[in-house]
Amino acid sequence: MIRRLSTWPRLAQYYRTTAPQSTEHSFFVRNPATGEIVSSIDPPTTEAVDEAVKFAHRVYESGIWSKASPLSRSNVLSKLAQLLEERVSDMARIETLQTGRAIREMNAQLGRLPEWLRYFAALLRTHQGFIAPTQGRLLNYVNRVPLGVVAQITPFNHPLLIAVKKLAPALAAGNSVLVKPSELAPLSLLELSGLASAAGLPDGVFTVLPGRGPSTGTQLVSHPLVRKVDITAGTQTGRSIGAMVGSNLAAFTAELGGKAPVVVFNDADLVSAVNGVAFASFIASGQTCVSGTRIIIQDKIYDNFMKTFLEKVQSIARRIGNPLNPVSSMGTVISEYHLGRIHQMVSNRSSGKVLIGGHRMSGVSPLDNFDLSRGCFYHPTVIEDVDVKDEIWEEEIFGPVVTVKKFGDEAEGIALANMCKYGLGAGIWTTNLSRAHRVADSIQAGVVWINTHHRNDPSSPWGGMKESGIGRENGIEALEAYSQSKSIIVNTGTAEESRMQDDWFSEIGDERRYG
């Protein structure tokens, strides 16, 4: 059943404005597993976006949220966590319908999201300002204050997860937040907006603007009232948006592209390493910025690893079915366009041999008789011995495709891992404790996993090096990135002391303190 945005409940709460909505440029949200239309979206007009930003600014200036006590904000975030927790199964189904990802993945992922809200709610109750050391009779206390209106651009691969990771610290800090979700997957964010209102978040503090990037997104991030922009996107998009944000002297956080290496040493536990690499590579159909896409395997374990790994990949492929089937192993990629791009990169490579996959899936699933031909299913793919200058080694593919390469000694493994312009995530598999720490220290990535992959917690900093982005999500660092320090200096001397010591222009030429 097609649902137009205007038929969704709480529409006024999504926009927080009475500005007119355009129907000339409506777009469809499609289920990538079937091609069916899930919903029709009427994007906001230029006037609606401008009014939404101005309203968010007025709400910020009113102090209803920005000056609310930390305890009050903490209570609202805790309530939102509870409401989200109660709706996890519903939200997971929405995510699967709009992204094509397996329902098993979405239930597991969304079940953890309340942790982010509760973590930042707890930080509000415990995070403290500080007293800066000063000279003389001065008290210098430092507080954190919100930035103002902030804009967030969220992607299609983890619509709700990435939004909540950004929203939790932004709201905790007291900002007014406007989110432009991916036009391919905006529905769960619209649902979250309704939950936020039910939790007690004032109108104008959290607004969802479900429009297209070149129009709604560009207008939002370049608006002069926006004091911070936080995006998850491709590197080229990040550069373009960063230039717009910089012209307004606003703050900028960007989680961008990735091409994560996974280095498997000879002493790795074979079964654990194979299972871990399969998870790193094919969870979310390879559509994550930290997907293990460059598998770098030491020479003595290479043959046994590859034999077991290819058996694992075959097993994954056999069990791909209806993404709503709780035992389906892997879902689709997001759209026909993205599927075509993935296949083009595989087909146009100048080196390497496809060991398995390399094509679109079709026919009936052996798992549940689901017609795979209807959807954007790409066979999990392994390509051996790709040249390091090949596009498929260097560029993010964002699909279930990995390259594998053999290495000799530790230095070569590290060199291959770092032979990339990206530096978001990386994995290491070894039972040698000294090597694990040594190699982790040498790999150029913002997040390095040892004998695991994709693990993340609200307290754990998340962000990239090199061309993988600017700034960090999660933890105290994220809360402080959504606020700014305010230094207040108080003269605690008596009036008599001030008269004697602080009259710079006194006719008596005694030395006075300057600064």
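Residues numbered from 1 in each chain as written. Predicted model: local features only at pLDDT ≥ 70, side-chain atom pairs only at ≥ 80, totals over all residues. Heavy atoms only, no water.

A. Here's a closer look at the packing of aromatic side chains. Per the stated rule, a full pass over the model turns up seven aromatic pairs. Centroid distance Phe265 to Phe407: 5.5 Å. Interplanar angle 85°. Geometry classified as edge-to-face. Of this pair, Phe265 sits in the loop between β11 (260-264) and α11 (270-282) while Phe407 sits in strand β15 (residues 401-407), and the two are 142 residues apart along the sequence. One exposure class covers both Phe265 and Phe407, and it is buried. Among the aromatic residues, those joined into a ring-pair cluster are Phe282, Phe305 and Phe309. The residue whose ring lies beneath Lys406 is Tyr302, and the NZ or CZ to ring-centre distance is 4.9 Å. (Phe/Tyr/Trp six-rings, centres within 6.5 Å; stacked < 30°, edge-to-face > 60°. Helix = DSSP H or I, 4+ residues; strand = E, 2+ residues; numbered from the N terminus. Buried < 20%, exposed > 50% of the residue type's maximum accessible area, 1.4 Å probe, protein only. Lys NZ or Arg CZ within 6 Å of the ring centre and 35° of its normal.)

B. Region of interest: the pattern of salt bridges. In this structure the tally under the stated criterion is 23 salt bridges. A salt bridge links Arg101 to Glu105; the nearest nitrogen and oxygen atoms lie 2.9 Å apart. Comparing Arg101 with Glu105, the two get one shared label, buried. Here Lys180 and Glu183 are joined by a salt bridge, their closest N and O atoms 3.0 Å apart. Overall, Lys180 belongs to the buried group, its relative accessible area being 3%. Several salt bridges converge on common partners, so that one network encompasses Lys165, Lys166, Asp230 and Glu473. (Salt bridge = Lys/Arg side-chain N within 4 Å of Asp/Glu carboxyl O.)

C. Seen up close, the sheet that holds β15. The strand order across the open sheet formed by seven strands is β13-β14-β15-β12-β11-β17-β18, and the pairing between neighbours is mixed. Here the strands that pair on one side only, and so sit at the sheet edges, are β13 (353-356) and β18 (447-450). Averaged over neighbouring strand pairs, the angle between their axes works out to 25° when direction is ignored. Both β13 and strand β14 (residues 381-384) contribute to a ladder of three bridges, which runs antiparallel. In the sheet register, Val354 faces β14, and the bridge partner there is Ile383. (Pairing = 2+ DSSP bridges. Axes fitted to C-alpha atoms, helices over the stretch in contact; angles between N-to-C directions.)

D. How the structure looks around the nonpolar core. Ranked by size, the top nonpolar core spans 54 residues in total, and within it Leu160, Leu192 and Phe206 carry the most contacts. The greatest single-element share of this core, amounting to nine residues, is contributed by helix α7 (residues 159-172). Those residues within four positions of Leu192 in sequence are excluded, and the remaining contacts are Leu80, Leu84, Met91, Leu160, Val164, Leu167 and Phe206. (Core = buried A, V, L, I, M, F, W, Y, C linked by side-chain atoms within 4.5 Å. Contact = heavy atoms within 4.5 Å.)

E. Seen up close, the packing of helix α4 (residues 88-99) against helix α5 (residues 103-110). Their axes nearest at 9 Å, the elements α4 and α5 cross at an angle of 135°. As summarised for this structure, α4 and α5 are arranged oblique, according to the angle between their axes. In this structure, the crossing between α4 and α5 has a hand that is right-handed. Contacts between α4 and α5 involve Val88, Ser89, Met91, Ala92, Arg93, Glu95 and Thr96 on the former and, on the latter, Ile103, Met106, Asn107 and Leu110. (Parallel < 35°, antiparallel > 145°, perpendicular 65-115°, else oblique. Left-handed = near helix turned anticlockwise from the far one by under 90°.)

F. Inspection of the side chain of Asn418 at higher detail. Mapped onto the secondary structure, Asn418 falls in helix α15 (residues 410-418). Accessibility expressed as a relative area gives 17% for Asn418, which makes it buried. With residues near it in sequence (within four places) discarded, Asn418 still touches Ser442, Ile443, Gln444 and Lys466.

G. Structural view of the environment of Val29. Within the element layout of this structure, Val29 appears in strand β2 (residues 27-30). Residue Val29 is classed as buried on the basis of its relative accessible area, which comes to 0%. For the pair Val29 and Thr99, spaced 70 residues apart in sequence, the C-alpha separation works out to 9.4 Å. Here Val29 is in contact with Glu36, Ile37, Val38, Ser39, Ile41, Gln98, Glu183, Leu184, Pro186 and Leu187, once residues within four sequence places are set aside.

H. Focus on the pairing of strand β10 (residues 251-255). Most of β10 sits inside the fold, with four of its five residues counted as buried. The pairing of strand β9 (residues 226-232) with β10 spans five bridges and is classified as parallel. If you follow Lys228 over to β10, its bridge partner there is Ala251. After leaving β9, the chain enters helix α10 (residues 235-247) and then returns to the sheet as β10, a path that is right-handed. Both β10 and strand β20 (residues 469-470) contribute to a ladder of two bridges, which runs antiparallel. The partner of Ala254 across the bridge, within β20, is Ile470. (Right-handed = clockwise from strand over helix to strand, strands pointing away.)

I. The arrangement of unusual backbone geometry in detail. Positive phi is not limited to glycine here, since Ala284 has a value of about 60°. Turning to its location among the elements, Ala284 is positioned in the loop between α11 and β12 (292-298). A relative accessible area of 1% places Ala284 in the buried class. One non-glycine residue, His454, lies in positive phi territory at about 65°. Within the secondary structure, His454 is located in the loop between β18 and β19 (465-466).

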